[in-house]
Amino acid sequence: MRYIQFTRRPLLQRLLHVFVINLLCALLISKLMSRNSNFVENLVFSNCIGYCCFFMVHGACRAIWRKEKPPLAGVIATTLLLTPVGYFTGSLISAWIYAYPVQVVLKNQLHYYEAILSVSAVAATIGAWSMWNRARISELQAAAEAEKARSAAIERQAVQSQLQMLQAQIEPHMLFNTLANLQGLIALDPDRAQHMLAQLITYMRATLQASRAAETSLAQEFTLIKAYLELLAIRMGKRLQYQTNLPESLAQARIAPMLLQPLVENAIKHGLEPAISGGTLIVSASEEQQQLVIRIADTGLGLPDQPAAIPGPDALGNHVGNANLRQRLQALYGDSASFHLYANQPAGAVSELRLPLNLKPETNEKQS
């Protein structure tokens, strides 16, 4: 910890602390001296002496230790050595303020030299210890913040590893099914096979970009979802209808990658695919109360044996994608993000994500 951080407290606050000490000294000196002692005059003398000691000690510490934090013993030793100098310097300034003869003031001060100097030394030592102690507290707080930042970095790395594991679980299953469908379509329907291949290339490009980035734009995430849904629509045929709604104003909103993919996959796997007639899936984004709200609504089988509304983390279930999502939201956004899963009307389920809205100016990003 550098000494410049040791003295970073506002100057007015430190000067106020010195004034409180000076006030206590003036009260004590007034009690020790005769009853005719003038408290206001003692307060002026005490402030002149106290501030002289403060600035001398402060300046000496800066000159000796420069930007390094001085040790407590060094601060106290410097304080004890400079207190007599500050004492007589402050007395001379006070004499000048009241236009008192210097000889008379010094003679009067020497009469109470032991009492006044003892009080000043004790007060200065307490002040030095207090300043050093606050510096130590600041140092410990800075160390705690550094440790917190290091823990957050480790947690982000763990989240990134979880993301890669999630992709490793999602992509092979989906890839093998797509390639199997593609093999069958090549001979039966070359045009559909060509379309499926184009969507597979788009999907693989988008997932590759997501795996390399800490965040992505909402437009890129929707591109990935569209490619994924198009692949499934070719496989499921008319049983899957889908729609994506992304306002232009939210296209460049920044989010963590692969947040929507597990939710879309769960809606297909547990809602639409088991349904005989399939259904419709709608992925939409909106802004509500300065939050980014993303909803994945399906008209599938819904949420059997569950209440109509299941907010909070318990609604995430035990699926791999949802469990990963729960951990990622907590690690990336803390309490500023939320997830809700509730019944859709007249049928199906809705997954709702609420994230901090982070908009960035539109840039011309070229996809590799």
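Structure: see above.
Q: Pulling in residues and values, what's your account of the packing of helix α8 (residues 218-236) against helix α9 (residues 261-272)?
A: The contact between α8 and α9 brings their axes to 10 Å, and the two run at 25°. Comparing the axis directions of α8 and α9 gives the class roughly parallel. α9 is crossed by α8, and the crossing has right-handed handedness. Seen from α8, the contacting residues are Glu221, Leu224, Ile225, Tyr228, Leu229, Leu232 and Met236; seen from α9, they are Gln261, Val264, Glu265, Ile268 and Leu272.

Q: Outline the nonpolar core, listing residues and values.
A: Leu218, Leu281, Ile296, Leu329 and Leu353 are the most contacted members of the largest nonpolar core, which has 48 residues in total. Residue contacts for leucine 281: discarding those within four places in its chain leaves Leu229, Gln241, Tyr242, Gln243, Val264, Ala267, Ile268, Leu272, Ile296, Ala297 and Asp298.

Q: I'd love a proper account of unusual backbone geometry, names of residues and values included.
A: Residue proline 346 follows glutamine 345 across a cis peptide bond; omega there is 10°. Structurally, the position occupied by proline 346 is in the loop between β7 (338-343) and β8 (349-356). Phi angles above zero are rare outside glycine, and glutamine 290 is one such case at about 60°. Judged by relative accessible area, glutamine 290 falls into the exposed class, the value being 68%.

Calculation rules
Residues numbered from 1 in each chain as written. Predicted model: local features only at pLDDT ≥ 70, side-chain atom pairs only at ≥ 80, totals over all residues. Heavy atoms only, no water. Axes fitted to C-alpha atoms, helices over the stretch in contact; angles between N-to-C directions. Helix = DSSP H or I, 4+ residues; strand = E, 2+ residues; numbered from the N terminus. Parallel < 35°, antiparallel > 145°, perpendicular 65-115°, else oblique. Left-handed = near helix turned anticlockwise from the far one by under 90°. Contact = heavy atoms within 4.5 Å. Core = buried A, V, L, I, M, F, W, Y, C linked by side-chain atoms within 4.5 Å. Buried < 20%, exposed > 50% of the residue type's maximum accessible area, 1.4 Å probe, protein only.

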